[in-house]
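The primary structure of each chain is shown beneath.
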There are 2 protein chains.
Amino acid sequence: MHSHSLQFTAESSSNGMVERDFTVGDIPGVLWSPASAADRAPLILIGHDGAKHKKHPAMTGRAHLLVNNGGFHVAVIDAPGHGDRPRTAHDEQERAALSAAWAAGEPVSPIVVRYNAHVAELVLPEWRATLDALQELPEIGTGGPVGYFGVRMGTAIGVPLVAIEPRITAAVFGLHWSDALVETAKEITIPIEFAMQWDDEHNPREASLALFDAFASKEKTLHANAGKQGELPRFEADSAVRFFARHFGQAATSLV
Amino acid sequence: MHSHSLQFTAESSSNGMVERDFTVGDIPGVLWSPASAADRAPLILIGHDGAKHKKHPAMTGRAHLLVNNGGFHVAVIDAPGHGDRPRTAHDEQERAALSAAWAAGEPVSPIVVRYNAHVAELVLPEWRATLDALQELPEIGTGGPVGYFGVRMGTAIGVPLVAIEPRITAAVFGLHWSDALVETAKEITIPIEFAMQWDDEHNPREASLALFDAFASKEKTLHANAGKQGELPRFEADSAVRFFARHFGQAATSLV
């Protein structure tokens, strides 16, 4: 895609965090920053889950922890077909197929895997262009640490993104099984934290373990918690903040 | 064993931590406490690793984090045949068998498993008598939260101890395979954090996963880090402090 600079379209602030909506070309995004930040700080990119969007409470909640406890900048963009982006006939068709599978009690995995791969293919160049534009901001700059944090579809996007994007040097993934990602994971050598649910009703345990095993990273940590997929404990988001703080040399606070 | 009260035999203090050596009958132990503690605080029992002792740097290091960052009391006793305890002919014979297996490059697991089980059988009543005596101290008291933290032999002792000791309500284990412990683990329902090394050269990966799986606890977390057994990351001790703080309602600090 063509190079576009970042345009801020709205700004607000609350709870010590500045929220700025932006566009890069026709990609809508949001950048959260510490209200007190004058100096440069590392940037964490969040990949939202499927059917969610850049300001879904799960993303806002993670951003709040990363900004207030880690001192990071946090950016999220709407993936194609999500949030403020238009949906194509293909998006509608896949969403309908997913709903029908849910309603019929049939496996959703085949649809989720193929649709996530489709979104990932579209969003990868968009994420790279967004990162180019974000690094032109003086409070981020080029050469500083960049992390990636995403579970479910955020992992389906993040694994191929991290594999081709050398500016990302630490990543938190999770809640994803190995199909279609394991070969790409073998190319990844940066530090990884991977969260899985031990009793995940959608992602087979052995496949999640196989995906963790596939990362070629010398430093990698698996966190497996008892419970179903929707029961990922809140403290895993705190753990992600600590993971980035440890690797990016930030002094994280209030992280119990 | 007979009921004995706790006798303090030495006291010192450094780095905000008070260290008091004690005996309960002929069991030598050490109690570390916050220097500033006036009120009651939860107690964490540490089970030391095989061939180590109550004041080995690994135990002192964990105690330091638990006391200074969690505000806990921490107690360790020398297991039979370890530290200040006399060694029997059987202890010497098993140590010699272990050394011979190491030297010959033969598997050490069969010796470690049977010796750990032997030590566990002896030390279980000692730990219970020590807990009785510790709870008579006004700064600990009865009815307060008690945790257990031990890896390797500390897990071989801790799993059967936790299974029979209802006063222990949260535990951190690790670096142990399932043989001989999996049936006992099935009886345990308290919150558990279990640390394993993904590339452990002594404990087969599948066996460690099977042991984690066996705990009947509704709340349990597995932490698996890349690396061999000796490479268990230092940040897992911080994680243990946060685990106990979360379950015992302490406000942990400085835990990056």
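Residues numbered from 1 in each chain as written. Chains lettered and ligands numbered in written order. Predicted model: local features only at pLDDT ≥ 70, side-chain atom pairs only at ≥ 80, totals over all residues.

Visitor: I tried to follow the overall build of chain A on my own but got confused; where do I start?
Guide: Looking only at helices and strands, one finds 7 helices and 9 strands in chain A. Relative to a compact globule of 256 residues, whose C-alpha radius of gyration would be 18 Å, chain A shows 17 Å and is just as compact. Its C-alpha atoms put chain A at 50 × 40 × 35 Å along the principal axes. Among the 256 residues that make up chain A, the fraction classed as buried is 47%. In chain A, of all internal contacts separated by at least 6 residues, the share reaching a separation of at least 24 is 66%. (Helix = DSSP H or I, 4+ residues; strand = E, 2+ residues; numbered from the N terminus. Rg over C-alpha atoms; globule rule 2.2 N^0.38 Å. Buried ≥ 20, exposed ≤ 12 C-beta atoms within 10 Å, placed from the backbone. Contact = placed C-beta atoms within 7 Å.)

Visitor: It is not clear to me how unusual backbone geometry should be interpreted in this structure. Could you clarify?
Guide: Residue and element names in this part refer to chain B. Its identity is not glycine, yet Ala51 carries a phi of approximately 70 degrees, on the positive side. Structurally, Ala51 is set in the loop between β4 (43-46) and α1 (57-70). Positive phi outside glycine occurs at Arg152, with the angle close to 55 degrees. Taking the number of C-beta atoms within 10 Å as the measure of exposure, Arg152 has 24 and is therefore buried.

Visitor: When you look at the pairing of strand β2 (residues 17-24) of chain B in this model, what are you seeing that I'm missing?
Guide: Both faces of the sheet carry side chains from a regular strand, because those side chains alternate between them. Residue and element names in this part refer to chain B. Pairing geometry for strand β1 (residues 6-14) and β2, over 8 bridges, is antiparallel. The partner of Ser14 across the bridge, within β2, is Met17. The antiparallel pairing of β1 with β2 creates a hairpin that spans 2 residues between the two strands, and Asn15 there sits at a positive phi of about 50 degrees. Hairpin connection between β2 and strand β3 (residues 27-34): a loop of 2 residues separates the two successive antiparallel strands, and Gly25 in this loop has a positive phi of roughly 60 degrees. (Pairing = 2+ DSSP bridges.)

Visitor: How do you make sense of the pairing of strand β3 (residues 27-34) of chain A when you look at a structure like this?
Guide: Residue and element names in this part refer to chain A. Within β3, 7 of the 8 residues are buried, leaving the element largely enclosed by the surrounding structure. Relative to β3, strand β2 (residues 17-24) is paired through 8 bridges, and the arrangement is antiparallel. Within the sheet, the bridge partner assigned to Glu19 lies in β3 and is Trp32. As defined by bridge partners, β3 adjoins strand β5 (residues 73-77) across 4 bridges and the pair is classed as antiparallel. Bridging from a neighbouring strand, Val30 pairs with Val76 of β5.

Visitor: Sorry if this is basic, but what is going on with the environment of Gln197 of chain B here?
Guide: All names here are of chain B. You can see Gln197 is positioned in strand β8 (residues 192-197). Given 24 C-beta atoms within a 10 Å radius, Gln197 is considered buried. For the pair Gln197 and Lys228, spaced 31 residues apart in sequence, the C-alpha to C-alpha distance is 5.9 Å. If we ignore the near neighbours within four places in the chain, the residues touching Gln197 are Leu175, Asn225, Gly227, Lys228, Gln229, Glu231 and Leu232.

Visitor: Would you explain the confidence of the model for chain A in this entry?
Guide: For residues with low pLDDT, the predicted coordinates do not support detailed interpretation. Of the residues in chain A, 96% have a pLDDT of 70 or more, and the chain-wide mean is 93. We note a pTM of 0.93 for the whole complex and an ipTM of 0.91 for its interfaces. (pLDDT = per-residue confidence, 0-100.)

Visitor: Explain helix α1 (residues 57-70) of chain A to me, please; I cannot follow it from the model alone.
Guide: In an α-helix, one turn spans 3.6 residues; hence positions three or four apart end up facing the same way. Residues and elements named next belong to chain A. In a regular helix each residue adds 1.5 Å, so 14 residues correspond to 20 Å; α1 covers 19 Å between its end C-alpha atoms and thus fits that length. If you check which residues of α1 are buried, you get Met59, Arg62, Ala63, Leu65, Leu66, Val67, Asn69 and Gly70. Looking at the buried side of α1, the elements it contacts are β2, β3, β4 (43-46), β5, β6 (146-149) and α7 (235-248). Note on α1: the residue one or two positions beyond its end, Gly71, has a positive phi of about 75 degrees. (Expected span 1.5 Å × (residues − 1).)

Visitor: Can you help me understand the environment of Ala117 of chain A in this one?
Guide: With respect to the helices and strands, Ala117 of chain A occurs in helix α3 (residues 109-134). In contact with Ala117 of chain A, not counting residues within four places along its chain, are Ala156 and Ala180 of chain A.

Visitor: Honestly, helix α6 (residues 205-214) of chain A in this entry has me stumped. Any pointers?
Guide: All names here are of chain A. All buried positions along α6 are accounted for by Ser208, Leu209, Leu211 and Phe212. In a view along the axis of α6, the buried residues occupy a sector of 155 degrees, so they form one face of it. Of the surrounding elements, those touching the buried residues of α6 are α5 (182-185), β8 (192-197) and β9 (220-225). (Arc of directions from axis to C-beta.)

Visitor: I tried to follow the environment of Pro110 of chain A on my own but got confused; where do I start?
Guide: Here Pro110 of chain A lies in helix α3. Through-space distance from the C-alpha of Pro110 of chain A to that of Leu98 of chain A is 9.4 Å; in sequence the pair is 12 residues apart.

Visitor: Help me understand the packing of α3 of chain A against helix α4 (residues 153-164) of chain A in this model?
Guide: Between two packed helices, what matters for the description is the angle formed by their axes and the separation of those axes. All names here are of chain A. The geometry of α3 relative to α4 is characterised by a closest axis approach of 9 Å and an angle of 55 degrees between their N-to-C directions. Between α3 and α4, the interaxial angle falls into the category oblique. Crossing geometry of α3 relative to α4 is assigned as right-handed. Contacts from Asn116, Ala117, Val119, Ala120, Val123, Leu124 and Trp127 of α3 reach α4 at Met153, Ala156, Ile157, Pro160 and Leu161. Here the contact of α3 with α4 is composed, by residue class, of 11 nonpolar, 1 polar and no charged. (Axes fitted to C-alpha atoms, helices over the stretch in contact; angles between N-to-C directions. Parallel < 35°, antiparallel > 145°, perpendicular 65-115°, else oblique. Left-handed = near helix turned anticlockwise from the far one by under 90°. Nonpolar A, V, L, I, M, F, W, Y, C, P; charged D, E, K, R; others polar.)

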